[in-house]
Amino acid sequence: MVLKQKEGWIEVICGPMFAGKTEELLRRVKRLEYAKANIVVFKPAMDDRYATSEVVSHNHNRTQSYNIHDSKDIFKYIDKATQVIAIDEIQFLDESVLDIIDYLADKGKRIIVSGLDTDFRAEPFSFMPRLIAKAEVVTKLTAVCVQCGAPATRTQRIVDGKPAKYHDPIVLIGASESYEARCRHCHKVYRKPKIFQGPF
Ligand code: TTP
Ligand code: MG
């Protein structure tokens, strides 16, 4: 029997900030663009100013993208001929994006998405665990801990020079002025509830 790869699946690129998730998404998109794939890129609209913009990585790599407020808006920009759908920072879209990309993968589309797997408290970021469970391929990237140089799996939020508090709002758009990549041991959150008390 000849084993064949059927078309249509979901790839997730996840990890903390400064891990190169956008860079990796763009790398996959660019390869497919060279092959003349019919590909549409999206990102969540953080404001109302522009309908189209670009996904830009820290390395200044970029590609044209559509800014969407609602995950259903994906259907305004794709059609049957679309082969690949990529979404950066998917954690900021509404949860129905999960059903939408599931549907599209079933219809034979290749879905490439990137997003934060955890928030600044190192808790799972909204629907990301469900997305990861549904995906065929998951790439968990690490950054470099700014304190000790170990692989960083977490994002530290700093407010007024101090670690953010557990009950601070989850969404705070920003970059290195408010966030740092940290490893498990260097990551700090104030007032984190004690959920489990072990024997030592
Ligand atoms: P990312 O694209 O994940 O950050 P990045 O560009 O540094 O990472 P990469 O190189 O891997 O692409 O963007 C994260 C956005 O999310 C950023 O605007 C800050 C925001 N954010 C929150 O709103 N809440 C949080 O808890 C965290 C950790 C980030
Ligand atoms: Mg990014």
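Everything that follows concerns the structure shown earlier in this document.
All of these numbers come straight from a predicted model, not from anything done at the bench.

It is worth spelling out the overall build of the protein at this point. A count of helical and extended segments in the protein gives four helices and twelve strands. Taking 2.2 N^0.38 as the reference for a compact globule, 200 residues should give roughly 16 Å; the C-alpha atoms of the protein span a radius of gyration of 18 Å, in line with that estimate. Overall size of the protein, expressed as C-alpha extent along the three principal axes, is 55 × 50 × 30 Å. Counting over 200 residues, the protein shows a buried share of 46%. The long-range share in the protein, meaning contacts at least 24 apart out of those at least 6 apart in sequence, stands at 72%. When the accessible surface of the protein is totalled, it reaches about 11700 Å², and 52% of it is carbon and sulfur. Between the averaged position of the 31 positive side-chain charges in the protein and that of its 26 negative side-chain charges there is a distance of 4 Å.

Glancing now at the site of ligand 1. What surrounds ligand 1 is a group of 22 residues, the closest being Lys21, Thr22, Phe120, Ile170 and Leu172. A distance of 3.3 Å separates an oxygen atom of ligand 1 from a polar side-chain atom of Glu89. Between ligand 1 and the protein, one listed contact pairs a nitrogen atom with a side-chain N or O atom of Arg157 at 3.4 Å. If ligand 1 stood free it would expose 630 Å²; the protein chains cover 94% of that surface. When residues of the shell around ligand 1 are traced back to their parent elements, those giving at least two are α1 (21-34) and β10 (154-159). Among the residues forming the shell around ligand 1, the class breakdown is 13 nonpolar, five polar and four charged.

With that out of the way, let us pick up helix α3 (residues 97-106). Of all the positions in α3, only Val97, Leu98, Ile100, Ile101, Leu104 and Ala105 are classed as buried. In a view along the axis of α3, the buried residues occupy a sector of 165°, so they form one face of it. Across α3 from its buried face, at more than 90 degrees, point the exposed residues Asp99 and Asp106. Residues of α3 that are buried sit in contact with β1 (9-15), α2 (74-77), β5 (84-87), β6 (110-116) and α4 (128-134). A positive phi of about 100° marks Gly108, the residue just after α3.

On to the side chain of Glu24. Turning to its location among the elements, Glu24 is positioned in helix α1. On the accessibility criterion, Glu24 (15% relative accessible area) is buried. Apart from the residues lying within four places of it in its own chain, the contact partners of Glu24 are Ile13 and Leu141.

Quick look at the pairing of β5 now. Here β5 shows a buried face lined by Val84 and Ala86 and a second buried face lined by Ile85 and Ile87. Sheet topology places strand β2 (residues 39-44) next to β5; four bridges connect them, and they run parallel. Residue pairing across strands places Phe42 opposite Ile87, the latter belonging to β5. What joins β5 to β6 is α3, and the crossover it makes is right-handed.

To continue, consider the environment of Val12. When you line up the elements, Val12 lands in strand β1. On the basis of relative accessible area, Val12 is assigned to the buried category, the value being 0%. Put simply, Val12 and Val144 are 132 residues apart on the chain and 20 Å apart in space, counted from C-alpha to C-alpha. Leave out the neighbours within four places in its chain, and Val12 touches Val113, Leu131, Ile132, Ala135, Val137, Val138 and Thr139.

Counting across every chain of the model gives zero disulfides. Sulfur of Cys145: no disulfide; nearest cysteine sulfur belongs to Cys148 and is 3.8 Å away.

What the three strands build is an open sheet, ordered β11-β10-β12; its pairing is antiparallel. Strands with a single pairing partner mark the edges of an open sheet, and in this sheet they are β11 (162-163) and β12 (179-182). Relative to β12, β10 is paired through four bridges, and the arrangement is antiparallel. Bridge assignment links Gln156 to a residue of β12, and that residue is Glu180.

About the thresholds
- All chains use their own residue numbering, which begins from 1 and follows the written sequence.
- Whichever chain is written first is A, and whichever ligand is written first is 1; the rest continue in order.
- Totals for whole chains, interfaces and linings use every residue, but because this is a predicted model, local features are given only for residues with pLDDT of at least 70 and side-chain atom pairs only at 80 or more, for both listing and counting.
- Hydrogens and water molecules were not included; the side-chain quantities draw on all heavy atoms of the structure.
- In DSSP terms, a helix is any run of H or I states spanning at least four residues, a strand is any run of E spanning at least two, and both are numbered starting from the N terminus.
- To get the radius of gyration, use the C-alpha atoms; to get the globule rule, take the number of residues to the power 0.38 and multiply by 2.2 Å.
- For each residue, the accessible area found with a 1.4 Å probe, counting protein chains only, is set against the maximum for its type, and the residue is called buried under 20%, exposed over 50%, and partly exposed in between.
- Contact criterion: two residues are considered in contact whenever any of their non-hydrogen atoms come within 4.5 Å of each other.
- Computed by Shrake-Rupley with a 1.4 Å probe, the accessible areas treat only the displayed protein chains as cover when residues are assessed.
- Positive charges come from Lys and Arg, negative ones from Asp and Glu, while His and the chain ends are left out of the count.
- Where a charge lies is defined by one atom per residue type: Lys uses NZ, Arg uses CZ, Asp uses CG and Glu uses CD.
- Residues are counted as near a molecule or strand when any one of their heavy atoms sits within 4 Å of it.
- N or O atoms closer than or at 3.5 Å make up a polar contact, with two conditions inside protein: a donor-capable atom paired with an acceptor-capable one, and, for residues adjacent in sequence, both atoms drawn from side chains.
- When residues are sorted by character, Ala, Val, Leu, Ile, Met, Phe, Trp, Tyr, Cys and Pro go into the nonpolar class, Asp, Glu, Lys and Arg into the charged class, and all the rest, Gly among them, into the polar class.
- This arc is built from the directions going out from the helix axis to the C-beta atoms.
- Pairing between two strands is assigned when DSSP locates at least 2 bridges connecting them.
- Assignment of crossover handedness uses the view with strands pointing away from the viewer, where a clockwise path from the first strand over the helix to the second indicates a right-handed crossover.
- Cysteine sulfur atoms are paired as a disulfide whenever they come within 2.5 Å of each other.

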